[in-house]
Structure formats: structure tokens, C-alpha cells
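Observations on chain architecture
As a plain string of letters, each chain reads:
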Amino acid sequence: MYLPPHDPHVDDPMRFKPLFRIHLMERKCATVECMYGHKGPHNGHIQIVKKDEFSTKCNQTDHHRMSGGRQEEFRTWLREEWGRTLEDIFHEHMQELILMKFIYTSQYDNCLTYRRIYLPPSSPDDLIRPGLFKGTYGSHGLEIVMLSFHGRKAKGTKITGDPNIPAGQQTVEIDLAHPLQLPDVENLRDFSELSRIVLEVQEQVRREEQEEEHRQEEEDCSQQAAFQPAAAPLGGEGAEGEETAAGAQGTTQDKAPGSQPFVLPMGVISRNEDYPRTCRICFYGTGLTAGHGFTSPERTPGVFVLFDEDRFGFIWLDLKSFSLYSRIKVSFQNAEAPSREAFDEMLKNIQSLAT
């Protein structure tokens with residue numbers, strides 16, 4: 001397992017923690033050991049579920065228990081996961097969220113299902129190189145997000161989740177067709193001024209979407225009246241290529257060199273105050289918010305701030321909060337050895353032994 005660095009140090013390297021290991025001692029002899037807990041390796045099990053997916057199971061979960069009970073386990077987990085003690089956390093809401101995460105993760109006892117992550121393709125016209133980023137999420141700590149580009153849109157998808165927004169959800173969406181012109185630093189400190197700029201763009205986007213829907217309805221009516229069943233459907237290959245080309249052209253123009261001073265408006269909370277004080281460009285975007293258990297999800301307006309090739313930020317307007325993201329640069333060498341083919345073959349051998 002690769003764990004993010006301790007909150008809020010997004011530029012620190014990822015932390016490596018082994019969870020299980022496989023011994024191939026002879027051609028027809030293999031053992032699986034669970035590495036979870038603090039009592040050393042013990043008996044485990046692994047099996048293939050389907051393509052790009054496998055599951056592990058610990059057969060001796062008593063090895064995960066500590067003499068001091070759940071309280072000692074929680075304090076140990078807190079030191080390892082968060083790099084602090086319970087006494088260091090004064091915010092009651094943060095204590096609640098951390099306890100929820102401990103209860104949620106510890107119930108599995110290293111009986112987990114793993115799915116392969118496919119990184120997004122890269123294009124020369126992308127604003128920056130896509131990939132995995134560590135990001136600050138307030139009291140939730142650091143989470144992993146995958147940044148990808150889709151024509152005139154960029155998306156940040158959660159690889160790790162929290163009690164509000166689970167993994168797999170699109171945490172931020174950036175509208176590359178709507179760059180924002182920020183005011184000078186002094187006026188930028190005024191949150192109401194930034195809010196005015198963003199809400200104006202939000203209204204513009206809403207009008208454009210309504211016009212596009214109206215135009216599409218008129219085209220559909222025209223096609224039906226003209227009996228043109230062979231017309232390319234919306235979202236077909238031609239339409240997608242046109243959108244991608246338009247988005248690529250706009251993005252390339254936006255990549256013009258230059259920088260401007262940047263400072264967070266007064267009242268905007270940031271877990272990491274060590275954010276860059278200059279940025280390349282900003283775009284209008286939306287961020288996903290929800291209650292505990294992913295209840296009442298809602299996309300709210302925000303500002304995507306590109307600092308450099310490896311760092312970007314997002315201002316959550318409604319939350320008055322700022323997330324700072326830093327690229328994951330680890331090569332994952334431990335995760336890539338053995339090769340994919342060798343690892344898949346290894347799992348098949350173990351499964352055949354089990355059956």
C-alpha cells in the first residue's frame with residue numbers, strides 16, 4: 001500500500017507499507033503471508049476474482065490485535081496514518097471524522113479486493129501531464145486524485161475516498177473553455193470580489209448550456225422532419241472528435257507562458273499555507289460536496305488554479321476552503337515488480353493450488 005504523506009504536507013513523498021507477500025518456493029509450492037499488524041507475517045490467502053481484480057484474506061486476524069485493545073490499536077493507527085496523537089487534535093469535527101475512518105478501515109482486517117488502476121492517456125495539447133496527485137481535503141486529511149483531460153473539460157477523480165465523497169467519484173471538474181481573469185492581489189484578498197467573478201461565469205455557463213440544449217432540440221426536430229435516420233447521433237465519433245479538437249485548440253492557447261501573483265482571499269481556509277504565490281492560469285470549475293454517506297451530493301462552483309506542471313489548487317467557493325494538489329512522483333517500482341504477466345501467472349498458480 002502506498003499511503004499519502006502526513007497532512008498537510010502534500011509535497012512529501014508517498015509512504016510504503018507492505019500488506020501481503022507471496023512465496024514461490026517450488027513450481028508447485030506457494031504460500032501467502034499477511035503482513036498486517038505488528039506481530040510479524042502470518043497465514044493468508046489470495047485469489048483471482050476477475051480480470052484486473054484479485055482479493056486477499058487473512059486467516060489469522062488475531063495477529064492484528066494488540067494487548068491494549070481497540071484503544072491501543074486506534075492510537076497506533078493514528079500515529080502511523082496521521083503522524084500525531086489524539087491530544088494533538090483539538091477540533092471536535094476532525095476527531096469524529098478520524099474515528100469514523102478508523103472504524104471503517106479496521107473492520108476489514110486486511111481482507112481486501114484490489115482493482116488495477118489505468119492511468120489516463122497523455123496528449124501534447126493537455127494543460128499539464130495527467131496523472132495521480134495528493135490533495136488536501138480539510139479535516140479528511142490527504143487524499144489521492146487522478147487528473148485526466150477530456151477535450152474542453154478536465155476531471156479530478158478520487159482514487160481514495162472519505163465518509164462524504166467515496167472513491168471513484170469526480171471530485172472536481174474544470175471547464176477549460178472558461179478561463180478566469182483574477183483581479184490584482186489586493187482586490188483578490190476580498191472574497192466577495194472573487195465570488196462575484198466566479199458567479200458571473202457560472203451564470204454564463206448556465207446560459208450557454210441552455211442555448212446548447214435548445215439548439216440540439218431544434219436540430220433533432222429538423223432531422224426528424226427531414227427523415228434523416230442516417231445522421232450521426234449526438235456524442236458519436238464525429239461529434240466527439242470535433243469537441244476534442246476545439247478543446248485542444250482552446251487549451252493550447254491557454255498554455256501561453258506567463259504568471260501572475262496569487263493569494264488566497266481572506267476567510268478562505270487552507271490546511272497548507274505553503275502554497276505558491278504565483279500561478280499560470282485559472283479556470284472556472286465545480287467541486288462535488290455531500291453529507292456523510294454520500295448523501296445529497298451537489299456540484300458547487302469553484303476556481304481551478306494552475307501553479308506549475310506538478311501543482312494545482314481548487315478554491316471551494318461555498319465551503320470557503322482551498323485544496324492544494326501535488327503530483328505523485330514515485331515510480332511504484334515495488335508495485336511493478338514482478339511484471340503484470342508474471343504476477344497474473346503467479347495468482348493463477350496459487351489459485352490452482354488452492355483448488
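Rules behind the numbers
Residues numbered from 1 in each chain as written. Predicted model: local features only at pLDDT ≥ 70, side-chain atom pairs only at ≥ 80, totals over all residues. Heavy atoms only, no water. UniProt positions renumbered as here; feature names shortened; annotations may be inferred. Helix = DSSP H or I, 4+ residues; strand = E, 2+ residues; numbered from the N terminus. Core = buried A, V, L, I, M, F, W, Y, C linked by side-chain atoms within 4.5 Å. Buried < 20%, exposed > 50% of the residue type's maximum accessible area, 1.4 Å probe, protein only. Contact = heavy atoms within 4.5 Å. Pairing = 2+ DSSP bridges. Salt bridge = Lys/Arg side-chain N within 4 Å of Asp/Glu carboxyl O. Axes fitted to C-alpha atoms, helices over the stretch in contact; angles between N-to-C directions. Parallel < 35°, antiparallel > 145°, perpendicular 65-115°, else oblique. Nonpolar A, V, L, I, M, F, W, Y, C, P; charged D, E, K, R; others polar.

When the UniProt feature table is mapped to this numbering, "coiled-coil region" (unreviewed entry) covers residues 191-220. As annotated, residues 191-220 comprises 100% helix and 0% strand, and the C-alpha atoms at either end are separated by 43 Å.

With 26 residues, the main nonpolar core has Leu-180, Phe-262, Val-303, Ile-315 and Phe-322 as its most contacted residues. Looking at this core, the elements with two or more residues in it are α4 (191-225), β15 (281-291), β16 (295-308) and β18 (321-327). Top element by residues in this core is α4. It accounts for six residues. Not counting chain neighbours up to four residues away, the residues in contact with Phe-262 comprise Leu-182, Leu-188, Tyr-275, Pro-276, Arg-277, Thr-278, Cys-279, Val-305, Phe-307 and Ile-315. Membership of the second largest hydrophobic core comes to 19 residues, among which are Leu-127, Ile-128, Ile-174 and Tyr-325.

Turning our attention to the pairing of β16. The pairing of β15 with β16 spans 10 bridges and is antiparallel. Within β16, the position partnered with Thr-289 by the bridge is Glu-298. Between β15 and β16, which pair antiparallel and follow one another directly, the connecting turn spans three residues, one of which, Gly-293, has a positive phi of 75°. The sheet contact formed by β16 and strand β17 (residues 311-316) spans six bridges and is antiparallel. Looking at β17, one finds that Asp-308 is bridged to Arg-311. Hairpin connection, β16 to β17: the antiparallel pair is bridged by two residues.

Note the cis peptide between Asp-7 and Pro-8, where omega equals 5°. Within the secondary structure layout, Pro-8 lies in the loop between β1 (2-3) and β2 (15-16). One non-glycine residue, Asp-52, adopts positive backbone phi at about 65°. On the secondary structure map, Asp-52 appears in the loop between β5 (42-50) and β6 (53-58). Residues other than glycine seldom take positive phi values, yet Asp-109 does so here, at roughly 50°. Tracing the backbone through its elements, the reader meets Asp-109 in the loop between α2 (92-106) and β7 (112-115). The exposure class of Asp-109 is buried, given its relative accessible area of 13%.

Let's shift gears to the pattern of salt bridges. Summed over all chains, the structure comprises 21 salt bridges. Residues Lys-153 and Asp-175 are paired through a salt bridge, measuring 3.7 Å at the closest nitrogen-oxygen approach. Taken together, the residues span a long stretch of sequence, with Lys-153 in strand β10 (residues 153-158) and Asp-175 in strand β11 (residues 170-180) at a distance of 22 residues. Relative accessible area serves as the criterion here: at 25%, Lys-153 is assigned to the partly exposed category. On the accessibility criterion, Asp-175 (8% relative accessible area) is buried. Note that Arg-206 is salt-bridged to Glu-203, the shortest N-O span being 2.3 Å. Separated by three residues within a single helix, Arg-206 and Glu-203 lie in helix α4, roughly one turn from each other. Through salt bridges that share partners, Arg-65, Arg-70, Glu-73 and Asp-109 make up one connected network.

Once that is clear, we can look at the packing of helix α1 (residues 69-82) against α2. Between α1 and α2, whose axes approach to 11 Å, the crossing angle comes to 105°. Judged by the inter-axis angle, α1 sits roughly perpendicular to α2. Contact residues: Arg-70, Glu-73, Phe-74, Trp-77, Leu-78 and Trp-82 in α1; Met-94, Ile-98, Leu-99, Lys-101, Phe-102, Thr-105 and Ser-106 in α2. Its residues assigned to classes, the contact of α1 with α2 shows eight nonpolar, two polar and three charged.

The subject of this paragraph is the sheet that holds strand β3 (residues 20-26). Taken in spatial order, the five strands of this open sheet run β3-β4-β5-β6-β7, and their pairing is antiparallel. Edge positions in the sheet fall to β3 and β7, since each of these pairs with one other strand and no more. Along the sheet, successive strands turn relative to each other by an average axial angle of 35°, direction set aside. Looking at chain direction, β3 and strand β4 (residues 29-34) are connected through six bridges and run antiparallel. Paired with His-23 across the strands is Thr-31, a residue of β4.

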